[in-house]
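Analysis of the macromolecular model
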Amino acid sequence: MDLLNLGIRSVFIENMVFAYFLGMCSYLAVSKKVSTATGLGIAVVFVLTITVPTNWLLQELILKENALYELTGLAVLKGQSFEFLQFIMFIAVIASMVQLVEMVVEKFSPALYGALGIFLPLIAVNCAILGASLFMVQREYSLAEATVYGFSSGIGWLLAIVALAAIRERMKYSNVPDGMKGLGITMVITGLMGMALLGLSGIKLDFSKEKKSKETAQVETTVQQNTALTELKK
Amino acid sequence: MSEKENNPVTEQNPPLKKESEPLLSKRRKKFISDPLVDDNPITLQVLGICSALAVTSQLEPTFVMAVAVIFVIVFSNLITSLLRNMIPTRIRIITQLAIIATLVILVDQVLRAYFFDVSKLLSVFVGLIITNCIVMGRLEAFAMGNKPWDSVLDGLGSGLGYSWVILAVAFFRELLGSGSLFGFKVWEAIGLGGMPNNGLMVTSVGAFIVLGLIIWVQRSRTGYVEH
């Protein structure tokens, strides 16, 4: 149940965009239409769910101190740590996973490829992907936690970009000052959306007492509804 | 080269000195001055926002981040420019990523060795310089097609343009959020000890709004309008 807790926390409270500013480049650039934003969002969820556990395996089996020694049994490697290679290995894994996902999707689901195709290469340099892997190492997650974390932070990112795209579509009808058009107003909107999600920061699901959990869940849903409402009003 | 052979050096005709450009000619000065205001990487090109905001709640880590980014941009531009005729076009992205990642690893190791506290504060965001779109953007758009010295200047310009924006954001966030600058308590020093702090400035929300306003001011001055 900790996993559910972690999942909800990474979607709403520690949202990639609103709390850590990750993946902002594509978040700002591809949020003009809801349909394309959804496409990119789904691609990010896809890639995050695959790369975070892969990088976890890489970190635990190869890069960590003594890990390679335990794997191969070579005496030379005893006490050696390859963590300084972390960045370059992670980015290589991400780039090749993106390529692999692209090939697999193209082969097995041409329709999905048509929808995601152009976005996949973009994702290799999306900070959210590398950021999630680095956070996963820093917070010492287990494999299951890493998988849940990857998936749910992807969902959080998807939520953010789709919400922003929906607001920006409506913005055509508002009279924004010239200098504020485009990037400026988008940043301020993001700030306001972040403020709405800030209201969720104390939530912790506790499943040890079943009765309590129901109450918390109820509070959760009401708060969610409230947020959705405020966003709709905007 | 062939010109040189055709014009043998005589006493009346000194070596081809005048053809080489001065190190900081007008054209080259533009590489540095353009990204500062008119073509700023953050406020106009919308690049590198990811890392721009995350570290800006205090001035000190922001300053270190700015120096790190300038270092990475300048040297990756230089290396890419030196290798530009050797990099096959089909694998250029991964080559560029490898160059950037190597430099970022250098920066990270140096920070861990000599500035451990700052390195803890910056946490994963040093690593995220790799995916900073400004660096990739400059390599792809400039260094792949220009000479080394021009590329160094171009990198320096973009790095400085990025730095002043994040330092400005950090200035307002630290001043309004914690009432200090570089950890120095400003309000108390000028006798306004009771000045309340705006807690929102310390959270991510403050960063978004401050950057939004800076973009507004900057674009109103340059007259750039996005449609």
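Description of the structure in this document. Just so you know, these numbers come straight off a predicted model, no measurement behind them.

A closer look at the interface of chain A and chain B
If you look at the interface, chain A gives 39 residues, while chain B gives 43 residues. Of the roughly 3400 Å² buried at the junction of chain A and chain B (both faces included), carbon and sulfur atoms supply 82%. Among the residues chain A hides against chain B, the three largest losses belong to F21(A), F87(A) and L183(A). Together they make up 20% of the total. Scanning the region where chain A abuts chain B turns up zero salt bridges. Inspection of the region where chain A meets chain B yields two residue pairs in polar contact (both at pLDDT 80 or more). Elements represented by at least two residues in the side of chain A that touches chain B include exactly α2 (16-20), α3 (24-29), α6 (86-108), α9 (127-138) and α11 (183-198) of chain A. Broken down by element, the residue count for the side of chain A that touches chain B peaks at nine residues, all from α11(A). Residues belonging to the side of chain A that touches chain B are distributed by class as follows: 26 nonpolar, ten polar and three charged.

Regarding the environment of I161(A)
Residue and element names in this part refer to chain A. With respect to the secondary-structure elements, I161 resides in helix α10 (residues 143-171). In the structure, I161 is positioned twelve residues away from Y173 in sequence and 20 Å away in space, judged by C-alpha atoms. Ignoring sequence-local partners within four residues, the contact set of I161 consists of S26, Y27, V30, S31, A37, L40 and G41.

Here we look at the packing of aromatic side chains
Applying the stated criterion across every chain, the model contains six aromatic pairs over all chains. On the numbers, 5.3 Å between centres and 80° between planes, the contact of F171(B) with F172(B) is edge-to-face. The partly exposed category is assigned to F171(B), whose relative accessible area is 32%. Classification of F172(B) as partly exposed rests on a relative accessible area of 37%. By way of ring pairs, the aromatic residues Y20(A), F135(A) and F125(B) are connected into one cluster. One Lys or Arg, R139(A), reaches over the ring of F135(A) and ends 4.6 Å from the middle of that ring.

Some remarks on the packing of helix α4 (residues 59-83) of chain B against helix α7 (residues 133-141) of chain B
Residues and elements named next belong to chain B. Running from N to C, α4 and α7 point in directions that differ by 25°, and their axes come no closer than 10 Å. Taken together, the axis directions place α4 and α7 in an arrangement best described as roughly parallel. Viewed along their axes, α4 and α7 form a crossing whose handedness is right-handed. Residue-level contacts link V72, I73, S76, N77 and T80 of α4 to I134, V135, R138 and L139 of α7. For the contact of α4 with α7, the class distribution of residues is five nonpolar, three polar and one charged.

A look at the pattern of salt bridges
All names here are of chain A. According to the stated counting rule, one finds seven salt bridges over all chains in the structure shown. A salt bridge links R9 to E14; the nearest nitrogen and oxygen atoms lie 3.7 Å apart. As a salt-bridge pair, D178 and K181 come within 3.2 Å of each other at their nearest N and O atoms. In the salt-bridge network here, residues are joined through shared partners; they are R9, E14 and R139.

As for the nonpolar core
Most often, soluble globular proteins have nonpolar side chains that are buried together. Counting 115 residues, the largest nonpolar core has M24(A), Y27(A) and M187(A) as its most contacted members. Once residues within four sequence positions are removed from consideration, M187(A) is found in contact with M24(A), L28(A), I49(B), L53(B), F208(B), L211(B), G212(B) and I215(B).

Looking at the side chain of S180(B)
Residues and elements named next belong to chain B. Among the structural elements, S180 can be located in strand β1 (residues 180-181). S180 gets classed as buried once you look at its relative accessible area, which sits at 4%. Of note is the side chain of S180, whose polar atom sits 3.1 Å from the side chain of E174. Once residues lying within four places of it in the same chain are set aside, the contact partners of S180 are E174, L175, K185 and V186.

Quick look at unusual backbone geometry
Residues and elements named next belong to chain A. One non-glycine residue, F21, lies in the positive phi region at around 60°. Note on placement: F21 falls in the loop between α2 and α3. Assessed through its relative accessible area of 3%, F21 is described here as buried.

Here is what the cut-offs are and how they apply
- Residues numbered from 1 in each chain as written.
- Chains lettered and ligands numbered in written order.
- Predicted model: local features only at pLDDT ≥ 70, side-chain atom pairs only at ≥ 80, totals over all residues.
- Heavy atoms only, no water.
- Contact = heavy atoms within 4.5 Å.
- Buried area = accessible area lost by both parts, 1.4 Å probe.
- Salt bridge = Lys/Arg side-chain N within 4 Å of Asp/Glu carboxyl O.
- Polar contact = N/O pair within 3.5 Å; in protein donor to acceptor, adjacent residues only side chain to side chain.
- Helix = DSSP H or I, 4+ residues; strand = E, 2+ residues; numbered from the N terminus.
- Nonpolar A, V, L, I, M, F, W, Y, C, P; charged D, E, K, R; others polar.
- Phe/Tyr/Trp six-rings, centres within 6.5 Å; stacked < 30°, edge-to-face > 60°.
- Buried < 20%, exposed > 50% of the residue type's maximum accessible area, 1.4 Å probe, protein only.
- Lys NZ or Arg CZ within 6 Å of the ring centre and 35° of its normal.
- Axes fitted to C-alpha atoms, helices over the stretch in contact; angles between N-to-C directions.
- Parallel < 35°, antiparallel > 145°, perpendicular 65-115°, else oblique.
- Left-handed = near helix turned anticlockwise from the far one by under 90°.
- Core = buried A, V, L, I, M, F, W, Y, C linked by side-chain atoms within 4.5 Å.

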